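Coordinates in review
Listed here are the chains, written in short residue letters.
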Amino acid sequence: ADPRFGDYQCNNAMGLFKGQPRPKGEPPRWKRPSDVGEALKAALPSETAELLEEVSVAPQGFVTVKMRREWLPAGLARPF
């Protein structure tokens, strides 16, 4: 995997942007795909802060997530 793209990537912002309902006479909820990506980023639960190092949004709306390196061993060691 290419580290420039983080550990995980969400690429459905473009589809959500194109498929958003547009009632006649009303402006679209999102003006560009990156607005959808920012909405997805904002919707992440606050509990994810302990395991995410960075969440970024590209102009095309791609949401890229980088995990905290120190979380992985500690997170896997916790019992379920």
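Just above sits the structure.
These remarks concern the structure in this document.

Digging into the overall build of the chain
When you go through the chain residue by residue, the secondary structure sums to 3 helices and 3 strands. Moving toward the C terminus, one meets the helices and strands of the chain in the order β-α-α-β-β-α. In summary, the chain has a C-alpha radius of gyration of 16 Å against a globular reference of 12 Å for 80 residues, an excess of more than 25%. If one aligns the C-alpha atoms of the chain with their principal axes, the spans along those axes are about 55 × 30 × 15 Å. When burial is assessed residue by residue, the chain has 21% of its 80 residues classed as buried. Partitioning the contacts of the chain with sequence separation of at least 6, the portion at a separation of at least 24 is 42%.

Side note on the pairing of strand E2 (residues 52-57)
Regular strands place their side chains on alternate faces of the sheet. The pairing of E2 with strand E3 (residues 63-67) spans 5 bridges and is antiparallel. Looking across to E3, one finds that valine 57 is bridged to valine 63.

Considering the pattern of salt bridges
Taken as a whole, this structure holds 4 salt bridges when the rule is applied. Where aspartate 35 meets arginine 32, a salt bridge forms, and the shortest distance between an N and an O atom there is 3.7 Å. Owing to a relative accessible area of 22%, aspartate 35 belongs among the partly exposed residues under this scheme. When its relative accessible area of 45% is taken as the criterion, arginine 32 is described as partly exposed. The shortest N-O distance in the salt bridge between glutamate 54 and lysine 66 comes to 3.9 Å. Here lysine 66 lies in strand E3 and glutamate 54 lies in strand E2, a separation of 12 residues in the sequence. Of the residues examined, lysine 66 reaches a relative accessible area of 28% and is grouped as partly exposed.

Some points on the pairing of E3
The buried fraction of E3 amounts to 4 of the 5 residues, a majority that puts the element mostly inside the structure. Where strand E1 (residues 8-10) meets E3, 3 bridges bridge the pair, whose relative direction is antiparallel. Bridging from a neighbouring strand, glutamine 9 pairs with threonine 64 of E3.

Side note on the packing of aromatic side chains
This model, assessed by the stated rule, comprises 0 aromatic pairs. Over the ring of phenylalanine 17 we find arginine 22, and its NZ or CZ is 5.9 Å from the ring centre.

Cut-offs and rules
Throughout this document, residue positions are counted from 1 along each chain, in the order its sequence is written. In keeping with the model being predicted, local features are shown solely for residues with a pLDDT of at least 70 and side-chain atom pairs are shown and tallied solely at 80 or more, while totals for entire chains, interfaces and linings include all residues. Side-chain numbers here rest on the full set of heavy atoms in the structure, without hydrogens or water. Helix and strand assignments come from DSSP, with helices taken as H or I runs of at least 4 residues and strands as E runs of at least 2, each series counted from the N terminus. We take the radius of gyration over the C-alpha atoms and set the globule estimate at 2.2 Å times the residue count to the 0.38 power. Note on classification: 1.4 Å probe, protein chains only; a residue is buried when its accessible area is under 20% of the maximum for its type, exposed when over 50%, partly exposed between these limits. Whether two residues are in contact is decided by their heavy atoms, any of which lying within 4.5 Å being enough. Following DSSP output, two strands are said to pair if at least two bridges run between them. The term salt bridge refers to a pairing of a side-chain nitrogen on Lys or Arg with a carboxyl oxygen on Asp or Glu at a separation within 4 Å. Side-chain rings of Phe, Tyr and Trp, where Trp is taken by its six-membered ring, are said to pair if the distance between their centres is within 6.5 Å; with planes under 30 degrees apart they count as stacked, over 60 as edge-to-face, and otherwise as tilted. Counted as over-ring charges are cases with an Arg CZ or a Lys NZ within 6 Å of the ring centre that also lie within 35 degrees of the ring normal.

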